[in-house]
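Listed below are the residues making up each chain.
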Amino acid sequence: LHQEIGILHGLRHDCIARIIHVERYPRIMHVFYDIDVGMIKLQDAIVKVPHYKDIFYIARTFRCIMSAIIFCHDKRYAHLDICPSNILIRPQNCSAILTGFESCRPLDPNTMKVQKKRIEDNYNTTSNNNSSSCNSNNNKENTFSRKNNWSAPEVFFNVQGDICASSDVFSAAMVLLDILYK
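Our subject in this report is the structure included herewith. Note that the structure is predicted; figures quoted are calculated from it, not measured.

Notes on the environment of Tyr33
- Mapped onto the fold, Tyr33 is located in strand β2 (residues 28–33).
- Residue Tyr33 is classed as buried on the basis of its relative accessible area, which comes to 6%.
- Each C-alpha atom of the pair Tyr33 and Ala17 lies 6.6 Å from the other, and the pair is 16 residues apart in sequence.

Here it is as structure tokens:
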């Protein structure tokens, strides 16, 4: 969580969740995000928001997601956990914000590949950001393995030398396909 907090403090963008407060205790941290009341996860918007299947709203959501990803990459970070539960939607206009930066890793500025170094912490964490990581692997190893349908092949199969900025773009495309075909 220390890594996520540090990264999010440096990423100020309209389509990225903002931390507004952190409470630290000896073995636990609470993180409070600036999330609009009424925002829902993308996976719920697909089912619950009647106008969401309109191509205008889908395009707006995808534009927000891609804007957030491009901004992260410009700041030399790869999100590595792009999936419907890490995208929150404003049902009124279907604009989106990206959350779930637990798997985020720095990018090498020369190659745009993920650096192998991982910042570790020894805290149990809770948050109120209404997102749950798509990455169910909570081990403390130096790996990026994931078990979901959104991961780029190099992330899914844990090919560490090949994980790069384009892995996020692949995941965003998989999310778009899911929206279009549900």
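Having put the structure on the table, let's press on.
Overview of the packing of helix α3 (residues 55–74) against helix α5 (residues 166–181)
- As a packed pair, α3 and α5 sit with axes 11 Å apart at the nearest point and diverge in direction by 170 degrees. With respect to α5, the element α3 is oriented roughly antiparallel. Residues Ile55, Ile58, Phe62, Ile65, Met66, Ile69 and His73 of α3 form the contact with α5, whose own contacting residues are Asp168, Val169, Ala172, Ala173, Leu176, Ile179 and Leu180.
- Per-class residue counts for the contact of α3 with α5 are 12 nonpolar, 1 polar and 1 charged.

Concerning α3
- With 20 residues, α3 ought to run about 28 Å at 1.5 Å a step, and its terminal C-alpha atoms sit 28 Å apart, in line with that.
- Contacts made by the buried residues of α3 are with α2 (42–48), β4 (77–78), β5 (87–89), β6 (96–98) and α5.
- Here α3 starts with a cap whose side-chain oxygen sits 2.7 Å from the backbone nitrogen of Phe56, and that cap is Asp54.
- Just past α3, the residue Arg76 takes up positive phi, approximately 70 degrees.

With respect to the pattern of salt bridges
- For the structure shown, the criterion picks out 2 salt bridges.
- Between Arg18 and Asp14 there is a salt bridge, with its nearest N and O atoms 3.5 Å apart.
- One salt bridge in this structure joins Arg90 and Asp36, with 2.5 Å as the shortest N-O distance. In this pair, Arg90 is assigned in the loop between β5 and β6 and Asp36 in the loop between β2 and β3 (40–41), connecting sequence segments 54 residues apart.

The rules behind the values
Residue numbers run consecutively from 1 along every chain, following the written order of its sequence. Owing to the predicted nature of the model, reporting of local features is limited to residues with pLDDT of at least 70; listing and counting of side-chain atom pairs is limited to 80 or more, with chain, interface and lining totals taken over all residues. Each side-chain value is derived from all of the structure's non-hydrogen atoms; neither hydrogens nor water enter the calculation. Secondary structure elements are defined from DSSP: runs of H or I of at least 4 residues count as helices, runs of E of at least 2 residues count as strands, and each element is numbered from the N terminus. A 1.4 Å probe rolled over the protein chains alone gives each residue an accessible area, and that area as a share of the maximum for its type sets the label: buried under 20%, exposed over 50%, partly exposed in between. In this analysis, axes come from line fits to C-alpha atoms, helices being fitted only over the stretch in contact, and the angle between any two N-to-C directions falls in the range 0 to 180 degrees. Our angle categories are set so that under 35 degrees counts as roughly parallel, over 145 as roughly antiparallel, 65 to 115 as roughly perpendicular, and the remainder as oblique. The contact rule is simple, with two residues in contact once any of their heavy atoms fall within 4.5 Å. When residues are sorted by character, Ala, Val, Leu, Ile, Met, Phe, Trp, Tyr, Cys and Pro go into the nonpolar class, Asp, Glu, Lys and Arg into the charged class, and all the rest, Gly among them, into the polar class. For a helix, the expected span equals 1.5 Å multiplied by the number of residues minus one. Here a polar contact means two N or O atoms within 3.5 Å. Within protein one must be a hydrogen donor candidate and the other an acceptor candidate, and residues neighboring in sequence count only if both atoms are side-chain atoms. Here, a salt bridge means any Lys or Arg side-chain nitrogen found within 4 Å of an Asp or Glu carboxyl oxygen.

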